[in-house]
Amino acid sequence: MSNLKFLVLSFSYALCALHFTLIRSSLCYAQPLSSQELIEKALDYDSQLVTYQGEVVGELMRRGDFAWANVQDGKNALGIWLDKGLAVKIGFCGSYKFQGDRIKVTGVFHRACNQHGGDLDIHALEIEQVSGGYPIYHPINIHKEKLAIILLWISVCLEILVIFKKRRLRRFPGRAI
C-alpha cells in the first residue's frame, strides 16, 4: 500500500512540475509578432496582450511618469508607451552615432488608442533587453579628407585672385585683366 501511495504522490509531483514548466515556458518564450503582422491584423490584436521585438530608435520622449519609445523591427516602427520605471532599462537609442538597444516588449496592443489621439501603439507592461546598444565608429575616409583640403586651398587661391582683380579694377578703371 505504501508503494502505491509513493507512486501516486511521485506521479502527482511530476505532473505538477510538468504543468508549471509548460506554463512558464509558454509565457517566457512567446514568439514576438512582427510590426507587419500587427499592422495588417490590427483588428484581431486590438486590446490583446502581445509581444513585439526590435531596436529602440530616435529619442526616448519622457512625459511625466511615462515615456514614449519607438521600436523598429526592420520594416516598421511602433510607438511604445511605457512607465518611467521600465524606461530606465533602455540605455541606447538608435541613431547615426549609436546602435540602439534591442528589446522585447510585452504589453497591450491598441489599434486606435483613445488615450493617445487614435494612434496605433503598445502600452508596455514588461520590457526585456535582448541585446545592449553601443556607439558606432565611423572611420574618416583619408582620400575624402585630402580632397577636401585640396579643394579648400583652391577656393582660397581663387578668392585671393578675385580680391586682387577687384583692387586692380579700382586703381585702373579702364583696364581689364
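Residues numbered from 1 in each chain as written. Predicted model: local features only at pLDDT ≥ 70, side-chain atom pairs only at ≥ 80, totals over all residues. Heavy atoms only, no water.

Chemist: Got a minute to help me understand the sheet that holds strand β6 (residues 119-131) in this structure?
Modeler: Working definition: the strands of a sheet are paired by backbone hydrogen bonds and lie parallel or antiparallel to each other. A barrel is described by the order of its strands in space; here five strands give the closed sequence β1-β2-β3-β6-β5, paired in mixed fashion. Adjacent strand axes in the sheet meet at a mean angle of 55°, parallel and antiparallel pairs treated alike. In this sheet, strand β5 (residues 102-113) lies alongside strand β1 (residues 49-63) in antiparallel orientation, the contact comprising seven bridges. Looking at β5, one finds that glycine 54 is bridged to isoleucine 103. (Pairing = 2+ DSSP bridges. Helix = DSSP H or I, 4+ residues; strand = E, 2+ residues; numbered from the N terminus. Axes fitted to C-alpha atoms, helices over the stretch in contact; angles between N-to-C directions.)

Chemist: Could you clarify how one ought to interpret the pairing of β6 in this entry?
Modeler: Remember that side chains alternate between the two faces of the sheet whenever the strand is regular. Across three bridges, strand β3 (residues 77-83) lies against β6 in parallel orientation. Residue pairing for β6: glycine 79 is matched across the bridge by aspartate 121. Summarising the sheet, β5 and β6 pair through ten bridges and their orientation is antiparallel. The residue bridging phenylalanine 109 from the neighbouring strand is isoleucine 122, located in β6. A loop of five residues connects β5 with β6, the two strands running antiparallel in sequence, and glycine 117 in this loop sits at a positive phi of about 70°.

Chemist: What should I look at first to understand the environment of aspartate 46 in this one?
Modeler: Relative to the assigned elements, aspartate 46 resides in the loop between α3 (42-45) and β1. With relative accessibility at 25%, the residue aspartate 46 sits in the partly exposed group. Here the alpha-carbon distance between aspartate 46 and phenylalanine 109, two residues 63 residues apart in the chain, equals 5.7 Å. If near-sequence neighbours (up to four positions away) are discounted, aspartate 46 is found in contact with Phe109, His110 and Arg111. Here the side chain of aspartate 46 touches arginine 111 through a polar contact of 3.0 Å, landing on its backbone nitrogen. (Buried < 20%, exposed > 50% of the residue type's maximum accessible area, 1.4 Å probe, protein only. Contact = heavy atoms within 4.5 Å. Polar contact = N/O pair within 3.5 Å; in protein donor to acceptor, adjacent residues only side chain to side chain.)

By themselves, these observations are geometric and do not establish any function.
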